[in-house]
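Breakdown of the fold
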Amino acid sequence: QVQFVESGGGLVQPGGSLRLSCAASASTFSTDAMGWYRQAPGKQRELVASMGTGPITNYADSVKGRFTISRDNAKNTVYLQMNSLKPEDTAVYYCNAIRFGVPVMSWGQGTQVTVSS
C-alpha cells in the first residue's frame, strides 16, 4: 500500500500563492495517474487537478488557469502550484493515485490551506 505525505499548506492572503508537495512511499508512483483533491468543511472531497503518467493534465473549472499540477517521478513527488488564491480555495488538500477515474490508495493526513485576509 502506497502512503502519501502532503505538505506546503498554510495561511495566505487572497491573491497569494502556495506550492503543495505530495511524497509517495512506493515505486508504483510512476505508473499511476495522480490527483490532488480537496475537502472544505461540510463539503465532499473533490478532485481539483490530475496528471497522467505523461504530460496530460486536467483541472476542475474552479481552479483552471490558477493551479498547475506537476510530478517528479525520480522523487516520487507530485506538486500543486496554486496562484491567485481565493477564500473559496480554503480546504484540506490531499493527493492520491488514480485508476479508472477513482482514488485507490489510503488517504494521507492532508495539508490545510487557508485563504483569508
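Everything that follows concerns the structure shown earlier in this document.
Here we summarise the structure given alongside this text. Counting restarts for each chain, with residues numbered from 1 along the sequence as it is written. Local features in this predicted model are restricted to residues of pLDDT 70 or higher, and side-chain atom pairs are both shown and tallied only at a pLDDT of 80 or more, whereas totals for entire chains, interfaces and linings draw on every residue. Side-chain measures were taken over the full set of non-hydrogen atoms in the model, leaving aside hydrogen atoms and water.

This part takes up the overall build of the chain. On a plain count of helices and strands, the chain comes out with zero helices and eleven strands. The globule rule puts the C-alpha radius of gyration for 117 residues at 13 Å, and the 13 Å found for the chain is close to it. Classification of residues uses two cut-offs on accessible area relative to the type maximum, computed with a 1.4 Å probe and protein chains only: under 20% is buried, over 50% is exposed, and between them is partly exposed. Sorting the 117 residues of the chain into buried and exposed places 42% on the buried side. Between two residues, a contact is recorded if the distance between any of their heavy atoms is within 4.5 Å. Pairs at least 24 apart in sequence give 55% of the contacts found in the chain among residues at least 6 apart. Accessible area for the chain stands at about 6,000 Å²; split by element, carbon and sulfur atoms hold 51% of it. Each helix is a run of H or I in the DSSP string that is no shorter than four residues. Each strand is a run of E no shorter than two, and both are numbered from the N terminus. Both definitions apply: the radius of gyration is a C-alpha atom measure, and the globule rule equals 2.2 Å times residues to the power 0.38. Using a 1.4 Å probe, the Shrake-Rupley method yields the accessible areas, and only the shown protein chains count as cover for residues.

This paragraph deals with the nonpolar core. We define the nonpolar core as a collection of buried residues of types Ala, Val, Leu, Ile, Met, Phe, Trp, Tyr and Cys that are connected through side-chain atoms lying within 4.5 Å of one another. Counting 28 residues, the largest nonpolar core has Phe-4, Trp-36, Leu-80, Met-82 and Tyr-93 as its most contacted members. The set of elements that each furnish at least two residues to this core consists of β3 (18–24), β4 (33–39), β5 (46–51), β7 (67–72), β8 (77–82), β9 (91–99) and β11 (111–115). Beyond its immediate chain neighbours, meaning those up to four positions away, Phe-4 contacts Cys-22, Ala-23, Ala-24, Met-34, Cys-95, Asn-96, Ala-97, Met-105, Ser-106, Gly-108 and Gln-109.

Further remarks concern the environment of Thr-68. One can find Thr-68 in strand β7. Under the relative-accessibility criterion, Thr-68 is labelled partly exposed at 42%. Taking C-alpha positions, Thr-68 is 19 Å from Pro-103, a pair spaced 35 residues apart along the chain. Apart from residues lying up to four places away in sequence, Thr-68 is in contact with Tyr-59, Tyr-79, Leu-80 and Gln-81.

A few words on the side chain of Arg-71. Along the chain, Arg-71 turns up in strand β7. It turns out Arg-71 is buried and unbridged, and the closest side chain with the opposite charge, Asp-32, is 7.2 Å from it. One polar contact links the side chain of Arg-71 to the main-chain carbonyl oxygen of Asp-32, over a distance of 2.9 Å. Definition of a polar contact: a pair of N or O atoms within 3.5 Å, with one able to donate and the other able to accept a hydrogen when the atoms are protein atoms, and with sequence-neighbouring residues admitted only if both atoms are side-chain atoms. Reaching out from Arg-71, the side chain makes a polar contact with the backbone oxygen of Met-51 at a distance of 3.5 Å. His is not counted, nor are the chain ends; Lys and Arg add positive charge and Asp and Glu add negative charge. Salt bridges are defined by distance alone: a side-chain nitrogen of Lys or Arg within 4 Å of a carboxyl oxygen of Asp or Glu.

Only a pair of cysteine sulfur atoms within 2.5 Å counts as a disulfide in this structure description. Enumeration over the complete set of coordinates arrives at one disulfide. For Cys-22, the disulfide goes to Cys-95, at an S-S distance of 1.7 Å. Every disulfide takes its handedness from the sign of the S-S torsion; for Cys-22 and Cys-95 that torsion is 45°, giving right-handed. With Cys-22 in strand β3 and Cys-95 in strand β9, the pair connects residues that are 73 residues apart, well separated along the chain.

On to the pairing of β5. The rule for pairing is simple: two strands pair if DSSP sees at least two bridges between them. Two elements, β4 and β5, share five bridges in a ladder whose sense is antiparallel. Note on β5: the bridge partner recorded for Trp-36 is Ala-49. With antiparallel pairing between neighbouring strands as the criterion, β4 and β5 make up a hairpin whose turn holds six residues, including Gly-42 at a positive phi of roughly 75°. Taken together, the three bridges between β5 and strand β6 (residues 57–59) define a ladder with antiparallel strand orientation.

The aromatic pairing rule takes the rings of Phe, Tyr and Trp, using the six-membered ring of Trp, and pairs them if the centres are within 6.5 Å, calling planes under 30 degrees apart stacked, those over 60 edge-to-face and the rest tilted. Per the counting criterion, the structure on display carries two aromatic pairs. A ring pair is formed by Tyr-37 and Trp-107, whose centres lie 5.1 Å apart and whose planes are at 85°; its orientation type is edge-to-face. Of this pair, Tyr-37 sits in strand β4 while Trp-107 sits in the loop between β10 (102–103) and β11, and the two are 70 residues apart along the sequence. We classify Tyr-37 as buried; its relative accessible area is 6%. Here the aromatic rings of Tyr-94 and Trp-107 are separated by 5.7 Å at their centres, their planes lie at 70°, and the arrangement is edge-to-face.

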